[in-house]
Amino acid sequence: MDPHRKSIIHGSGQSDYRTPPEMARKLVDYFDLAWDLAATPENRVTPERHLGPGSAWGEDALAVDWSRLQEPWGFLNPPFSLSEIKILKEQGVPADDPRISALRIENWAEKAYAESLTGFTTIGVFPYAPQTEWFRWYVMGHSPKPQMDVRADIHAVAGWSGHAALDFWRLPHRVSFLLPDGSPTDNAGVNTCILIWGPNPGFVGPWVPSGRYWSFR
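The rules behind the values
Residues numbered from 1 in each chain as written. Predicted model: local features only at pLDDT ≥ 70, side-chain atom pairs only at ≥ 80, totals over all residues. Heavy atoms only, no water. Helix = DSSP H or I, 4+ residues; strand = E, 2+ residues; numbered from the N terminus. Buried < 20%, exposed > 50% of the residue type's maximum accessible area, 1.4 Å probe, protein only. Areas by Shrake-Rupley, 256 points an atom, 1.4 Å probe, with all protein chains shown as cover. Core = buried A, V, L, I, M, F, W, Y, C linked by side-chain atoms within 4.5 Å. Contact = heavy atoms within 4.5 Å. Polar contact = N/O pair within 3.5 Å; in protein donor to acceptor, adjacent residues only side chain to side chain. Phe/Tyr/Trp six-rings, centres within 6.5 Å; stacked < 30°, edge-to-face > 60°. Lys NZ or Arg CZ within 6 Å of the ring centre and 35° of its normal. pLDDT = per-residue confidence, 0-100.

As a further point, take the overall build of the protein chain. Along the backbone of the protein chain there are six helices and seven strands. Ordering the α and β elements of the protein chain from the N terminus gives α-α-β-β-β-α-α-α-β-α-β-β-β. Here the protein chain, with 217 residues, has 47% of them falling under the buried criterion. For the protein chain, the accessible area works out to roughly 10,700 Å², and carbon and sulfur atoms hold 53% of it.

Okay, structure coming up:
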């Protein structure tokens with residue numbers, strides 16, 4: 001079985017859904033976010049700065065060093081789509097091609113996790129998927145083995161990778177994302193949460209994200 005399918009039990013049907021404006025506005029205003037970390041000029045939720053197609057700062061957001069951006073905090077609603085990955089593979093696109101990498105939700109979680117180790121704060125809209133490996137590793141900080149090679153200076157212990165997300169907000173309803181032209185859709189078909197990665201809060205031992213419910217409606 002494709003290991004990606006084992007790690008992503010649920011997925012979006014397409015990768016270019018837009019964030020509902022009321023959700024984006026509340027998050028951007030509350031956290032005073034300067035960057036949209038995965039967007040186009042047409043669907044970014046921040047006024048001026050974004051990473052992705054049409055960006056002067058980098059069109060491949062996974063390849064950009066976020067910690068070198070002018071303000072070290074940003075909004076992230078990453079693209080992900082199992083069906084688009086399948087189509088690309090059927091076309092003969094290699095699994096490590098950037099087009100496929102950008103559609104794997106675990107790559108975005110790993111990126112936000114890694115950037116938080118350098119001081120960057122990410123507010124992300126992600127599937128709520130505690131049954132997956134990426135959620136356990138990059139959100140809850142669970143280490144699958146005594147030494148997890150996330151960064152050389154992280155001395156992991158069994159069950160703890162040395163770092164975790166700061167918080168996750170579960171939504172009491174599924175989010176109805178928008179099509180690229182702004183028209184409404186049905187809900188995304190997956191449970192959604194807000195994940196917050198940031199610098200180490202100063203704890204020397206294991207911690208877990210605090211977790212809460214939040215509604216933008």
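We are not done yet, so read on.
In terms of nonpolar packing, the biggest core is built from 30 residues, with Trp 66, Phe 126, Trp 134, Leu 195 and Trp 197 touching the most fellow members. Those elements giving two or more residues to this core turn out to be α5 (105-116), α6 (133-138) and β6 (192-197). Broken down by element, the residue count for this core peaks at five residues, all from α5. Apart from residues no more than four positions distant in its own chain, Phe 126 is found in contact with Leu 76, Pro 78, Ile 105, Trp 108, Ala 109, Trp 134, Asn 191, Thr 192, Cys 193, Leu 195 and Trp 197. If you look at the next biggest cluster of nonpolar residues, it comprises 15 residues, including Met 23, Val 28, Leu 33 and Ile 123.

So, on to the environment of Arg 44. With respect to the helices, strands and loops of the structure, Arg 44 is situated in the loop between β1 (35-36) and β2 (49-50). For the pair Arg 44 and Phe 75, spaced 31 residues apart in sequence, the C-alpha separation works out to 9.4 Å. Here Arg 44 is in contact with Asp 36, Ala 39 and His 50, once residues within four sequence places are set aside. Within the local environment of Arg 44, its side chain forms a polar contact with the backbone oxygen of Glu 48, the two atoms lying 3.0 Å apart.

Turning to the environment of Val 175, a few remarks are in order. Examined against the element boundaries, Val 175 turns out to sit in the loop between β5 (167-170) and β6. The buried category is assigned to Val 175, whose relative accessible area is 0%. Along the chain, Val 175 and Thr 192 lie 17 residues apart, while their C-alpha atoms are 6.8 Å from each other.

Turning to the side chain of Thr 132, a few remarks are in order. Counting through the fold element by element, Thr 132 comes out in the loop between β4 (121-127) and α6. Engagement of the side chain of Thr 132 in a polar contact is seen with the backbone oxygen of Ala 129, the distance being 2.7 Å.

Summed over all chains, the structure comprises 16 aromatic pairs. With a centroid separation of 5.6 Å and 65 degrees between ring planes, the pair formed by Trp 134 and Phe 135 is classed as edge-to-face. Here Trp 134 matches Phe 135 in class, with each residue buried. On the basis of an interplanar angle of 50 degrees and a centroid distance of 5.4 Å, the ring pair of Trp 169 and Trp 214 is categorised as tilted. In this pair, Trp 169 sits in strand β5 while Trp 214 sits in the segment after β7 (212-213), placing the two residues 45 residues apart along the sequence. Taken individually, Trp 169 and Trp 214 each receive the classification buried, so the pair is uniform in this respect. In this arrangement the basic side chain of Arg 49 is found over the ring face of Trp 35, its NZ or CZ atom lying 5.9 Å from the centre.

Turning next to the confidence of the model for the protein chain. Close inspection of predicted coordinates is inappropriate for parts of the model with low pLDDT. For the protein chain, the mean per-residue pLDDT works out to 82, and 79% of the residues sit at or above 70. Within the model, the stretch residues 1-15 combines pLDDT values under 50 with 43 contacts to residues more than four positions away or in other chains. For residues 151-156, every residue scores under 50 in pLDDT, and the model assigns this stretch 12 contacts once sequence neighbours within four places are set aside.

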